Amino acid sequence: MTTLPTRDRLIRAMGDALQRKGLHGAGISEILAAADTPKGGLYHHFPGGKTELAVAAIQQQVADLCALLDKLLPASPDPVVALELWTSKAQQLLAASGFQRGCPLATVALESEVDDVAIRQALSDGFAAVRDRLAQAFEASGKIANAGGLAALIVAAYEGALLQARVAGSVAPMELVSATLFPLLRAQLQGKP
């Protein structure tokens, strides 16, 4: 088994901490222990400390999510099937974590403050990247008039349902949103009012 480089271990440890505890709940000591890295390793790779590491972790989480969407969306001629797979995977991961690991974007966004400029920019870029991936898939279908608005609605519904599922300790809110939103989306793709 190959050990990940220190920088990658730090990013993964921070990403996990962001999903479970958010930015302010993630302690440096905990992150260093999870990454099996001394404090000097953090500042060697991330001179800006916790904030710079958090931005890198957010960017990595977004890259991973976009890679998943890039894999799912072209694999299916029906973007709704891809979205069903995406949300199903999210439900499985949330349940497997004991409802501790939510979306790192939403978790951090909820606690970010105006002064968290770099973090807010990373979050904004991340949400935009996900919306863009979805909008491109809807545009490719040739049947969606407002692909950008629909993508924004889906991301908002997904994030809200994930948040509700996490606090409820049940995937039921995500299932309810999916069962309501996806038939409406499928009807629009099929040209039904």
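In this numbering scheme, every chain counts its residues from 1 along its sequence in written order. Totals for whole chains, interfaces and linings use every residue, but because this is a predicted model, local features are given only for residues with pLDDT of at least 70 and side-chain atom pairs only at 80 or more, for both listing and counting. Each side-chain value is worked out from all heavy atoms of the structure, with water and hydrogens disregarded.

1. Here we look at the overall build of the protein chain
In step 1: Along the protein chain, the regular secondary structure elements total nine helices and zero strands.
In step 2: Segments assigned H or I by DSSP are reported as helices when at least four residues long, segments assigned E as strands when at least two residues long, and all are numbered from the N terminus. Mapped in sequence order, the helices and strands of the protein chain form the string α-α-α-α-α-α-α-α-α.
In step 3: With the radius of gyration taken over C-alpha atoms, the globule rule is written as 2.2 Å times the number of residues to the power 0.38. Taking 2.2 N^0.38 as the reference for a compact globule, 193 residues should give roughly 16 Å; the C-alpha atoms of the protein chain span a radius of gyration of 18 Å, in line with that estimate.
In step 4: Each principal axis of the C-alpha distribution contributes one length, and for the protein chain these read about 60 × 40 × 30 Å.
In step 5: A 1.4 Å probe rolled over the protein chains alone gives each residue an accessible area, and that area as a share of the maximum for its type sets the label: buried under 20%, exposed over 50%, partly exposed in between. Looking at the 193 residues of the protein chain, the share that counts as buried comes to 44%.
In step 6: For this analysis, residues touch if any pair of their heavy atoms sits within 4.5 Å. Sequence separation of 24 or more characterises 66% of the internal contacts of the protein chain that already satisfy a separation of 6 or more.
In step 7: Of the roughly 10000 Å² of accessible surface on the protein chain, 56% is carried by carbon and sulfur atoms.
In step 8: Counted as positive: Lys and Arg. Counted as negative: Asp and Glu, with His and the chain ends omitted from the count. The location of each charge is read from NZ of Lys, CZ of Arg, CG of Asp or CD of Glu. The centroid of the 17 positive side-chain charges in the protein chain is displaced by 4 Å from the centroid of its 18 negative side-chain charges. Only the protein chains shown count as cover for residues, with accessible areas throughout obtained via the Shrake-Rupley method and a probe of 1.4 Å.

2. Quick look at the packing of helix H1 (residues 6-25) against helix H4 (residues 49-75)
In step 1: Running from amino to carboxyl end, H1 crosses H4 at an angle of 95 degrees, the nearest separation of the two axes being 8 Å. Overall, the two elements H1 and H4 adopt an arrangement that is roughly perpendicular. Residues Leu-10, Ile-11, Met-14, Gly-15, Leu-18, Gln-19, Leu-23 and His-24 of H1 pack against Lys-50, Leu-53, Ala-54, Ala-56, Ala-57, Ile-58, Gln-60 and Gln-61 of H4.
In step 2: Note on residue categories: nonpolar means Ala, Val, Leu, Ile, Met, Phe, Trp, Tyr, Cys or Pro, charged means Asp, Glu, Lys or Arg, and polar means any other residue, Gly included. Partitioned by chemical class, the residues of the contact of H1 with H4 number ten nonpolar, five polar and one charged. Structural elements are reduced to axes, namely lines fitted to C-alpha atoms, with helices fitted over the stretch in contact, and the angle between N-to-C directions of any two is expressed from 0 to 180 degrees. Roughly parallel covers angles under 35 degrees, roughly antiparallel covers those over 145, roughly perpendicular covers 65 to 115, and oblique covers all other angles.

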